[in-house]
Amino acid sequence: MVGDGDRKELTRRGDVLATRRREYDEDDVRVRPGKSSRPRTRTRPLHADAVDGFVIAVDRGRYTCVLPDPGPDAPLVTAMRARELGRKSVVVGDRVGLVGDTSGATGALARIVRIAERSSVLRRTADDDETTAEGRLERVVVANADQLVIVSALADPPPRTGFIDRCLVAAYDADIEPLLCLTKADLSGPEQVLGYYAELELPYVLIRPDSDLDALRDLLAGRVSVMVGHSGVGKSTLVNRLVPDADRAVGVVSAIGRGRHTSTSAVVLRLPPRPGAHTDPGWIVDTPGVRSFGLAHVSANSLLHGFPDLVEGTVDCPVNCQHTADEADCALDAWVAAGRADARRLASYRRLLASRSGDGDAREPDQRNPGDPLAGS
């Protein structure tokens, strides 16, 4: 039998058929078209012509940036993240390299090709327990911040030192300086709150509706400051006073003393220059109002550094002491009994420890005991 690839040549040799094998050439070879034959390389473009930018807002894959030394009329550059960055995320506060159209014209789009090393990263989680889905979901609030401004009202709603404690832990963990900003000082005095933090020498500023804000502006000058606070504490009102063109939404406090979320996304705002001042007025990062500030990303050891008034008291603790209320030999109880720290501070620290293991009450303390003026997380 003759195969299909052979060519038959028949000759009469009696009754025998003779065949001859066919010879192939390159025209008979079928080549399947493949992908690009261009050689692969790991070499990436250096983008030596990239210009520096500062990310001030993020919205659905588009990043709003400003160029260095922006004036009041400086254009805002819209950019997208370059594919070569891989999985590196770009967040508010990042300092980046931009290529493409950086004119800021309508419809122009640049590319972010480089992210500078971050000097600080402020994070939070929705839950304290890292074994839960919410606790594992770590969110970067802002990068490259110098200062965390913790905004708390002295009344309507009442101050929640549990929340302030959480913010202090996050600030110390991120190596950011904290500043306590107490609003609505016309409704109540700051003595209770300041007494609670007396051992920390925590810097603070009091804000009243008729305040000129000069003291606060002095503390914000030359820095990138993140403003965080519960809803209803007057944070958006304060931002609008600091940056009149910000036009941040302002809400009202409900009848039960709780605020409504008004800011929906973090945004960096340039503080206006002060008359006669030649220094950098600074930037503020307005964040959405939060009901919780999860600390699952903070280790148990780092958690203690958010309570510097308790650190020295652990020197006499036994090895591997967990510092919980169940530890019979924990030296923190004697430290507090000797008047070297506030008992409420120790209770707050242990409450955070318990919430990390999932043993704490998920509700805020003020929900369990609304009559406590210095409760809440």
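Analysis parameters
Residues numbered from 1 in each chain as written. Predicted model: local features only at pLDDT ≥ 70, side-chain atom pairs only at ≥ 80, totals over all residues. Heavy atoms only, no water. Helix = DSSP H or I, 4+ residues; strand = E, 2+ residues; numbered from the N terminus. Buried < 20%, exposed > 50% of the residue type's maximum accessible area, 1.4 Å probe, protein only. Contact = heavy atoms within 4.5 Å. Areas by Shrake-Rupley, 256 points an atom, 1.4 Å probe, with all protein chains shown as cover. Core = buried A, V, L, I, M, F, W, Y, C linked by side-chain atoms within 4.5 Å. 1 Å grid on protein atoms, 1.4 Å probe; cavity = no way out; pocket = protein on both sides within 12 Å on 5 of 7 lines; lining within 4 Å. Points joined across faces, edges and corners; volume = space filled by probe spheres on them. Phe/Tyr/Trp six-rings, centres within 6.5 Å; stacked < 30°, edge-to-face > 60°. Axes fitted to C-alpha atoms, helices over the stretch in contact; angles between N-to-C directions. Parallel < 35°, antiparallel > 145°, perpendicular 65-115°, else oblique. Nonpolar A, V, L, I, M, F, W, Y, C, P; charged D, E, K, R; others polar. Salt bridge = Lys/Arg side-chain N within 4 Å of Asp/Glu carboxyl O. Expected span 1.5 Å × (residues − 1). Polar contact = N/O pair within 3.5 Å; in protein donor to acceptor, adjacent residues only side chain to side chain. pLDDT = per-residue confidence, 0-100.

**Observations regarding the overall build of the protein chain**
Helix and strand content of the protein chain: ten helices and 13 strands. The buried share among the 377 residues of the protein chain stands at 42%. Considering only residue pairs separated by 6 or more positions, the protein chain has 65% of its internal contacts joining residues 24 or more positions apart. Total accessible area on the protein chain stands at roughly 21800 Å², and carbon and sulfur atoms take up 48% of it.

**Re the nonpolar core**
If you look at the biggest cluster of nonpolar residues, it comprises 76 residues, and the most contacted ones within it are Leu122, Leu148, Val226, Leu242, Ile284, Leu310 and Tyr349. No other element matches helix H2 (residues 161-173), which puts seven residues into this core. Membership of the second largest hydrophobic core comes to eleven residues, among which are Val55, Ala79, Leu85 and Val90.

**Considerations on empty space enclosed by the protein**
Left-over empty space is what a probe sized like a water molecule reveals as it rolls over the atoms. One pass over the structure, following the stated rule, counts one cavity of 30 Å³ or more. If you add up the space inside the largest cavity, you get close to 70 Å³. Taken together, Val151, Ser152, Ala153, Pro157, Pro158, Pro159, Arg160, Phe163, Ile164, His230 and Val233 form the lining of the largest cavity. Looking at the lining of the largest cavity, the elements with two or more residues in it are strand E8 (147-153) and H2.

**Brief notes about the packing of aromatic side chains**
Under the counting rule described, the total for this entry stands at three aromatic pairs. The interplanar angle of 70 degrees and the centroid separation of 5.1 Å between the aromatic rings of Phe54 and Trp283 together place this pair among those described as edge-to-face. Placement of the pair is Phe54 in strand E1 (residues 51-59) and Trp283 in strand E13 (residues 283-286), with a sequence separation of 229 residues.

**Some words on the packing of H2 against helix H9 (residues 343-356)**
The N-to-C vectors of H2 and H9 enclose an angle of 70 degrees; their axes lie 11 Å apart at closest approach. Relative to H9, H2 is oriented roughly perpendicular. Taken together, the residues of H9 that come into contact with H2 (itself represented by Gly162, Asp165, Arg166 and Val169) are Arg345, Ser348, Arg351, Leu352 and Ser355. Tallied by class, residues from the contact of H2 with H9 come to two nonpolar, three polar and four charged.

**Focus on the environment of Gly222**
Here Gly222 lies in the loop between helix H4 (214-220) and strand E11 (224-228). On the basis of relative accessibility, which here comes to 46%, the residue Gly222 falls in the partly exposed class. Distance in space between the C-alpha atoms of Gly222 and Asp146 is 9.4 Å, their sequence separation being 76 residues. Excluding its chain neighbours within four sequence positions, the residues that come into contact with Gly222 are Asp280, Pro281 and Gly282.

**Let's talk about the pattern of salt bridges**
One side chain can pair with another of opposite charge once the charged atoms of both are near each other. Counting across every chain of the model gives eleven salt bridges. One salt bridge connects Glu177 with Arg223, and the closest N-O pair in it is separated by 3.2 Å. Of this pair, Glu177 sits in strand E9 (residues 177-183) while Arg223 sits in the loop between H4 and E11, placing them 46 residues apart in sequence. When salt bridges with common partners are traced through the structure, they connect Asp165, Asp309 and Arg345 into a single cluster.

**Side note on the environment of Gly195**
Looking at where Gly195 falls in the secondary structure, it is placed in helix H3 (residues 191-196). Residues Gly195 and Asp342, 147 residues apart in the sequence, show an inter-C-alpha distance of 9.1 Å.

**Overview of H2**
The end-to-end C-alpha distance of H2, which contains 13 residues, comes to 18 Å, matching closely the 18 Å that a straight helix rising 1.5 Å per residue would cover. With respect to burial, H2 is a largely interior element, eleven of its 13 residues being buried. Along H2, the positions that sit buried rather than exposed are Thr161, Gly162, Phe163, Ile164, Asp165, Arg166, Cys167, Leu168, Val169, Ala170 and Ala171.

**Looking at the side chain of Ser348**
Here Ser348 lies in helix H9. Under the relative-accessibility criterion, Ser348 is labelled buried at 2%. Apart from residues no more than four positions distant in its own chain, Ser348 is found in contact with Gly162, Asp165, Tyr196 and Phe307.

**Here we look at H9**
With 14 residues, H9 ought to run about 20 Å at 1.5 Å a step, and its terminal C-alpha atoms sit 20 Å apart, in line with that. Looking at H9, one finds that the buried residues are Arg345, Leu346, Ser348, Tyr349, Arg350, Leu352, Leu353, Ser355 and Arg356. Buried residues along H9 sit against H2, H3, helix H6 (300-304), helix H7 (308-311) and helix H8 (332-337). Between a side-chain oxygen at the N-terminus of H9 and the backbone nitrogen of Arg344 the separation is 2.8 Å; the capping residue is Asp342.

**Structural notes on the confidence of the model for the protein chain**
Per-residue confidence for the protein chain gives a mean pLDDT of 82; residues scoring 70 or more make up 75%. Within the model, the stretch residues 249-264 combines pLDDT values under 50 with 39 contacts to residues more than four positions away or in other chains. Low pLDDT, under 50, characterises residues 361-373; the stretch is placed with 20 contacts to residues that sit more than four places away or in other chains.

**Topic: unusual backbone geometry**
A cis geometry characterises the amide bond from Asp156 onward to Pro157, with omega recorded as 5 degrees. Although it is not a glycine, Arg60 sits at a positive phi angle of roughly 50 degrees. Along the chain, Arg60 turns up in the loop between E1 and strand E2 (62-66). Looking at Arg60, the relative accessible area reads 78%, which means it is exposed. For Leu213, which is not a glycine, the phi torsion comes out positive at approximately 65 degrees. Positionally, Leu213 belongs in the loop between strand E10 (204-206) and H4.

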